[in-house]
Amino acid sequence: QVQLVESGGGLVQAGGSLRLSCVASGRTFTMTAMAWFRQSPGKERQFVAYITWYGGSPYYADSVKGRFTISRDNDKNTLYLQVNSLKPEDTALYYCAAKSGQSWPTTQTSDYNYWGQGTPVTVSS
């Protein structure tokens, strides 16, 4: 099992920035990729970005490309999401996810085995 704990969310004004973190524990050696998703009230969980754990290859949703940066620190078993130029439509609960297995990561929630509890991001206009 892998446990994931997110932090770093908060209330910011439009145009502001935050740095989200996700600390992994447990059988972290089984992880092959990690990702961020987000979910707004009444909407489905939406892919934001993923990164392969060992190669560090990132991939972003079009809606956040150029504004968000995903990164990881293997030594600290920590995933990050730097979120800049925030917009009100970025308001959501942001979830960290991890997958095991050798297949290349995807943008689908079903591809990820482990999930955190989420950290809220609220952007005021």
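Above this text you will find the structure in question.
Residues numbered from 1 in each chain as written. Predicted model: local features only at pLDDT ≥ 70, side-chain atom pairs only at ≥ 80, totals over all residues. Heavy atoms only, no water.

A. Representation of the overall build of the chain. The helix and strand inventory of the chain stands at zero helices and eleven strands. Along the chain direction, N to C, the helices and strands of the chain fall in the order β-β-β-β-β-β-β-β-β-β-β. Compactness check: the chain gives a C-alpha radius of gyration of 13 Å against a globular reference of 14 Å for 125 residues, within 12% of the reference. Referenced to the eigenvectors of the C-alpha coordinate spread, the extents of the chain come out at roughly 40 × 25 × 25 Å. In the chain, which comprises 125 residues, the share counted as buried stands at 45%. At a minimum sequence separation of 6, the contacts of the chain that also span at least 24 residues come to 56%. Per element, the accessible surface of the chain, about 6,300 Å² overall, is 47% carbon and sulfur. Between the mean site of the 11 positive side-chain charges and the mean site of the 8 negative ones, the chain shows a separation of 1 Å. (Helix = DSSP H or I, 4+ residues; strand = E, 2+ residues; numbered from the N terminus. Rg over C-alpha atoms; globule rule 2.2 N^0.38 Å. Buried < 20%, exposed > 50% of the residue type's maximum accessible area, 1.4 Å probe, protein only. Contact = heavy atoms within 4.5 Å. Areas by Shrake-Rupley, 256 points an atom, 1.4 Å probe, with all protein chains shown as cover. Lys, Arg positive; Asp, Glu negative; His and termini not counted. Charge placed at Lys NZ, Arg CZ, Asp CG, Glu CD.)

B. Geometry of the state of the cysteines. Across all of its chains, the model carries one disulfide by this definition. Here Cys22 engages in a disulfide with Cys96; their sulfurs sit 2.1 Å apart. Since a negative S-S torsion denotes a left-handed disulfide, the Cys22-Cys96 link at about -75° is left-handed. On the criterion of sequence distance, the pair formed by Cys22 in strand β3 (residues 18-26) and Cys96 in strand β9 (residues 92-100) is long-range, its members being 74 residues apart. Given a relative accessible area of 0%, Cys96 falls into the buried group. (Disulfide = S-S within 2.5 Å.)

C. Structural view of the side chain of Arg67. Mapped onto the elements of the fold, Arg67 is located in the loop between β6 (58-60) and β7 (68-73). Here Arg67 falls in the buried class, since its relative accessible area comes to 12%. What Arg67 contacts, discounting residues up to four positions off in sequence, is Gln82, Val83, Asn84, Ser85, Leu86, Lys87 and Asp90.

D. Quick look at the nonpolar core. Formed by 36 residues in total, the largest nonpolar core has its most connected members in Leu4, Met34, Trp36, Leu81 and Tyr94. When residues of this core are traced back to their parent elements, those giving at least two are β1 (2-7), β3, β4 (31-39), β5 (46-52), β7, β8 (78-83), β9 and β11 (119-124). (Core = buried A, V, L, I, M, F, W, Y, C linked by side-chain atoms within 4.5 Å.)

E. Seen up close, the sheet that holds β1. The four strands are arranged β1-β3-β8-β7 in an open sheet whose pairing can be described as antiparallel. Strands with a single pairing partner mark the edges of an open sheet, and in this sheet they are β1 and β7. Taken pair by pair, the neighbouring strands of this sheet meet at an average axis angle of 15°, ignoring direction. Strand direction decides the pairing type here: β3 and β8, joined by six bridges, are antiparallel. (Pairing = 2+ DSSP bridges. Axes fitted to C-alpha atoms, helices over the stretch in contact; angles between N-to-C directions.)

F. Inspection of the side chain of Lys99 at higher detail. Along the chain, Lys99 turns up in strand β9. One buried charge, Lys99, has no salt-bridge partner; the nearest side chain with opposite charge is Asp111, at 4.4 Å. A polar contact of 3.0 Å, which involves the side chain of Lys99, links it to the backbone oxygen of Ser103. Excluding residues that lie within four positions of it along the chain, Lys99 makes contacts with Thr30, Met31, Thr32, Ala33, Pro105, Asp111, Tyr112 and Asn113. (Salt bridge = Lys/Arg side-chain N within 4 Å of Asp/Glu carboxyl O. Polar contact = N/O pair within 3.5 Å; in protein donor to acceptor, adjacent residues only side chain to side chain.)

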